[in-house]
Amino acid sequence: MAEIVIRNTNERITGDDNVREFLNKQNVLFEKWDASKLPAELRNNFQLTDEQKNEILKVYDEEIRDLAARRGYQIWDVITLSDATPNLEDLLNKFEEVHTHTEDEIRAIVGGKGIFVIKGSDDIGYFNVELEAGDVISVPENTNHFFTLMDNRQIIAVRLFIEKNGWVAYPVEDPSFQKA
């Protein structure tokens, strides 16, 4: 179940309905997929082969195609990150820079956990969205954000793209952002 932490007040928002309501007010899409559909050997394997990644895409084909039809996505893939990922620290350093995109950034978490840090409205500021298997989130285009791993440092996510080249990150210097 996703949880939100508002960074400047440490307020925590829990419960799918409360999380969805908060994110809707911030124009962030939040949906749920059935995490139990994915066999445990895939959900808990953070060194997936290409064949196993394709298996995940097949399991969630209906959900992916529904989302793509509603939001204009053209391509999708599976990404997995863990301590076994080569150059993980370099990737995390790159991910953990506030940036925007010219299309929304969507992730469907199918294994492990991760955090999107998103800039909300002026009265909210930055907030963390802690995600786990079954959580689907889409950060709107031109919204300051970044993604990182939680303490377990393991995640498997389906990513969807409008542009065939994927997202292009545009770094943002935001004096209001402070690292946690």
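Residues numbered from 1 in each chain as written. Predicted model: local features only at pLDDT ≥ 70, side-chain atom pairs only at ≥ 80, totals over all residues. Heavy atoms only, no water.

Visitor: Explain the UniProt feature "binding site: Ni(2+)" (unreviewed entry) in the protein chain residue by residue, including any values.
Guide: As recorded in UniProt, the feature "binding site: Ni(2+)" (unreviewed entry) lies at His 99, His 101, Glu 105 and His 145. The annotated residues occupy 47 residues of the chain but converge on a single region, no pair of C-alpha atoms lying more than 11.1 Å apart. Using a relative accessible area of 5% as the deciding quantity, one classes His 101 as buried. Among all residues touching His 101, those that are not within four sequence positions of it are Glu 141, Asn 142, His 145, Trp 167, Val 168, Ala 169 and Tyr 170. (UniProt positions renumbered as here; feature names shortened; annotations may be inferred. Buried < 20%, exposed > 50% of the residue type's maximum accessible area, 1.4 Å probe, protein only. Contact = heavy atoms within 4.5 Å.)

Visitor: Explain the packing of helix H3 (residues 50-59) against helix H4 (residues 61-71) to me, using residue names and the numbers behind them.
Guide: Between H3 and H4, whose axes approach to 4 Å, the crossing angle comes to 70 degrees. In terms of orientation, H3 lies roughly perpendicular with respect to H4. Counting all contacts with H3, which are made through Leu 57, Lys 58 and Val 59, the residues of H4 involved are Asp 61, Glu 63 and Ile 64. Broken down by class, the residue content of the contact of H3 with H4 amounts to three nonpolar, no polar and three charged. (Axes fitted to C-alpha atoms, helices over the stretch in contact; angles between N-to-C directions. Helix = DSSP H or I, 4+ residues; strand = E, 2+ residues; numbered from the N terminus. Parallel < 35°, antiparallel > 145°, perpendicular 65-115°, else oblique. Nonpolar A, V, L, I, M, F, W, Y, C, P; charged D, E, K, R; others polar.)

Visitor: Report on the nonpolar core, specifying residues and quantitative values.
Guide: Residues Ile 4, Phe 22, Leu 23, Ile 118, Phe 127, Val 129 and Ile 137 are the most contacted members of the largest nonpolar core, which totals 26 residues. Ignoring anything within four residues of it in the chain, the contact list for Leu 23 reads Ile 4, Val 28, Phe 30, Phe 127, Val 129 and Ile 137. Among the nonpolar cores identified, the runner-up in size contains 21 residues, and Trp 33, Leu 48, Leu 67 and Tyr 73 belong to it. (Core = buried A, V, L, I, M, F, W, Y, C linked by side-chain atoms within 4.5 Å.)

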